[in-house]
Amino acid sequence: MKRNDVILLLGVLSAALLLWMFRPEQKTEDSAWVLVRIKGTEYGRYALSENRTGELPGVLGTNRFVIKDGMVWMEEAVCPDKYCIRQGTISKTGQQIICLPNSIIIEIIGGEETGLDAVVS
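Residues numbered from 1 in each chain as written. Predicted model: local features only at pLDDT ≥ 70, side-chain atom pairs only at ≥ 80, totals over all residues. Heavy atoms only, no water.

**Some points on the pairing of strand β3 (residues 52–57)**
Two elements, β3 and strand β4 (residues 62–68), share six bridges in a ladder whose sense is antiparallel. Across the sheet, the residue bridging to Glu55 is Arg64, located in β4. (Pairing = 2+ DSSP bridges. Helix = DSSP H or I, 4+ residues; strand = E, 2+ residues; numbered from the N terminus.)

Right under this line is the structure:
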């Protein structure tokens, strides 16, 4: 290795160390919320960290959702196809459960991002 190679290696390592030291604060699951919208209007916000069951009055009738152990799922639905129940559990920011016939959207907001397309602010 030549002198310039050593200087370049030290520069890259220093830059990596500085980026690691001053990285943005990571959001934890405790900061995540469950946002429920019915017919496009916000119906409620619930902490993802608190276990609860809720009734959602949709266009066709009442659906029931469950928040437990940092996960959310639709437990009961009045829609004919029940796709919202088959979507299973969600637990990461940006994930959604959508009951289109009943005009209900459940979305996780504010916590840790789900993947490479996450934007760090």
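**What to know about the pattern of salt bridges**
One pass over the full model with this rule turns up five salt bridges. Taking the shortest distance from any N to any O, the salt bridge between Arg64 and Glu76 comes out at 2.7 Å. Of this pair, Arg64 sits in strand β4 while Glu76 sits in strand β5 (residues 71–76), and the two are twelve residues apart along the sequence. Residue Arg64 is classed as partly exposed on the basis of its relative accessible area of 23%. Among the ionic contacts, a cluster of salt bridges with common partners joins Glu55, Arg64, Glu75 and Glu76. (Salt bridge = Lys/Arg side-chain N within 4 Å of Asp/Glu carboxyl O. Buried < 20%, exposed > 50% of the residue type's maximum accessible area, 1.4 Å probe, protein only.)

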